[in-house]
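Architecture at a glance
Single-letter residue listing:
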Amino acid sequence: MANCCEDKGCELNAMRARHGRVLWIVLAVNAAMFVVEGAAGLLAQSTSLLADALDMLGDALVYGFSLFVLARPVRWQARAAFIKGTFMLAFGLGVLGEAGYKIVHPVLPESVTMGLVGALALAANLVCFFLLYRHRSDNLNMSSTWLCSRNDLIANAGVLLAAAASYAFASRWPDIIVGGTIAVLFLHSAYDVLRGALHALRLAPT
């Protein structure tokens, strides 16, 4: 009887099982942090925290889609990547709108809350990043999922910088600038994911 390790079907099933375990973990982390950051963002009146909370929600939805297509063919994975890119595009535009609103209606955010919750979010996303890193080249589904995690770390660092600058200068502008920067990052990543998904859809067998 052939050794299971020599069976490509067995290897593929094992890889999917590993992906599933990782995606369930990062889904739970992002869902929990959405609640924490969302509540903190409202209390602190922070655009960057709210933006990061919405990003956590978007990522939780993304990981849910990834689990749905885990054992499905390439065309399904490309469709899931397209939906991920659409979410990223929507959140990027939403953050830009929130930043614009704060310019017109100035509010000074609570920088201490921003810093504490931002640090917690950074720690949570570091866990997700390292869990996803080893699988980033396995397929389109895991590649686009890892891209979301990488962007989260950049956004978290931005929130911490905004908190420090808001505290040091007693200004609302660092929060607004970071929110706008996160939005631009989302929009750029959305373009990359959507372009890759459309390319995969064109090549995938029907």
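Residues numbered from 1 in each chain as written. Predicted model: local features only at pLDDT ≥ 70, side-chain atom pairs only at ≥ 80, totals over all residues. Heavy atoms only, no water.

Here's the deal with the overall build of the protein chain
Put simply, the test is: Each helix is a run of DSSP H or I of at least 4 residues and each strand a run of E of at least 2, with the numbering of both proceeding from the N terminus. Three labels apply to residues, based on accessible area from a 1.4 Å probe with only protein chains included: buried if under 20% of the type maximum, exposed if over 50%, partly exposed otherwise in between. The criterion used for residue contact is that any of the two residues' heavy atoms lie within 4.5 Å. The Shrake-Rupley method, run with a 1.4 Å probe sphere, supplies the accessible areas, and residue values consider only the shown protein chains as cover.
Across its full length, the protein chain carries six helices and zero strands. Residue burial in the protein chain is summarised as follows: out of 206 residues, 46% are buried. Counted over contacts in the protein chain with a minimum sequence separation of 6, partners at least 24 positions apart contribute 81%. Put simply, the protein chain shows about 10200 Å² of open surface, and 71% of that area lies on carbon and sulfur atoms.

Quick word on the confidence of the model for the protein chain
We count it as follows: Along the chain, pLDDT gives the predictor's confidence residue by residue, from 0 to 100.
Across the protein chain, pLDDT averages 80, with 82% of residues at or above 70. Taken element by element, the protein chain is modelled with least confidence in helix α1 (residues 8–44), mean pLDDT 77, and with most confidence in helix α4 (residues 111–133), mean pLDDT 91. Low pLDDT, under 50, characterises residues 1–14; the predicted model gives this stretch two contacts beyond four residues in sequence or across chains.

As for the pattern of salt bridges
As a reminder of what qualifies: Every case where a carboxyl oxygen of Asp or Glu lies within 4 Å of a side-chain nitrogen of Lys or Arg is listed as a salt bridge.
Taken as a whole and assessed by the stated rule, the structure comprises two salt bridges. Across the pair D192 and R195 runs a salt bridge, and its minimum N-O distance is 3.7 Å. Here D192 pairs with R195, and both are found in helix α6 (residues 173–203), just three residues apart, close to one helical turn.

Some remarks on the environment of L49
Structurally, the position occupied by L49 is in helix α2 (residues 47–68). Given a relative accessible area of 0%, L49 falls into the buried group. Here the alpha-carbon distance between L49 and M114, two residues 65 residues apart in the chain, equals 6.6 Å. With sequence-adjacent residues up to four places away left out, L49 is seen in contact with E37, A40, G41, A44, T113, M114, V117, G118 and V159.

Remarks on the side chain of K102
Looking at where K102 falls in the secondary structure, it is placed in helix α3 (residues 74–104). Under the relative-accessibility criterion, K102 is labelled buried at 9%.

Examining α4
Under the convention used in this document: Here the expected span of a helix is defined as 1.5 Å times the quantity of residues minus one. N or O atoms within 3.5 Å of each other form a polar contact, as long as, within protein, one can give a hydrogen and the other can take it, and as long as residues adjacent in sequence are counted only when both atoms are side-chain atoms.
An ideal rise of 1.5 Å per residue puts 33 Å on 23 residues; α4 measures up with 31 Å between its terminal C-alpha atoms. Sitting at the head of α4, E110 places a side-chain oxygen 3.2 Å from the backbone nitrogen of V112.

Remarks on the packing of α3 against α6
For the record, the criterion: Orientation is described by lines fitted to C-alpha atoms, with helices fitted over the stretch in contact, and by angles between N-to-C directions that extend from 0 to 180 degrees. Orientation categories follow fixed angle ranges, with anything under 35 degrees roughly parallel, anything over 145 roughly antiparallel, 65 to 115 roughly perpendicular, and all other angles oblique. Crossing handedness is read from the near helix: turned anticlockwise from the far helix by less than a right angle, it gives a left-handed crossing, and turned clockwise, a right-handed one. Amino acids outside the nonpolar list (Ala, Val, Leu, Ile, Met, Phe, Trp, Tyr, Cys, Pro) and the charged list (Asp, Glu, Lys, Arg) are all regarded as polar, and Gly is one of them.
The interhelical angle for the contact between α3 and α6, taken along N-to-C directions, is 160°, at an axis separation of 7 Å. Classified by the angle between their axes, α3 and α6 sit roughly antiparallel to one another. Two packed elements cross with a definite hand, and for α3 against α6 that hand is left-handed. When its residues are assigned to classes, the contact of α3 with α6 shows 23 nonpolar, six polar and three charged.

Focus on the nonpolar core
Put simply, the rule is: Nine residue types can take part in a nonpolar core, namely buried Ala, Val, Leu, Ile, Met, Phe, Trp, Tyr and Cys, and a core is a set of them joined through side-chain atoms within 4.5 Å.
Core analysis: the biggest nonpolar cluster contains 20 residues, and L23, V26, L27, Y63, M88, L132 and V193 have the highest contact counts within it. Ignoring any residue separated from it by four or fewer positions in sequence, one finds L27 in contact with A60, Y63, G64 and L67. One finds L49, V95, V159 and A183 within the second-largest nonpolar core, a separate group that totals 16 residues.

Regarding unusual backbone geometry
Of note in this structure, Q45 is not a glycine but carries a positive phi near 55°. Relative to the assigned elements, Q45 resides in the loop between α1 and α2. Under the relative-accessibility criterion, Q45 is labelled partly exposed at 42%. Positive phi, normally seen in glycine, also occurs at A170, with a value near 50°. Along the chain, A170 turns up in the loop between α5 (140–169) and α6. Judged by relative accessible area, which is 57%, A170 ranks as exposed.

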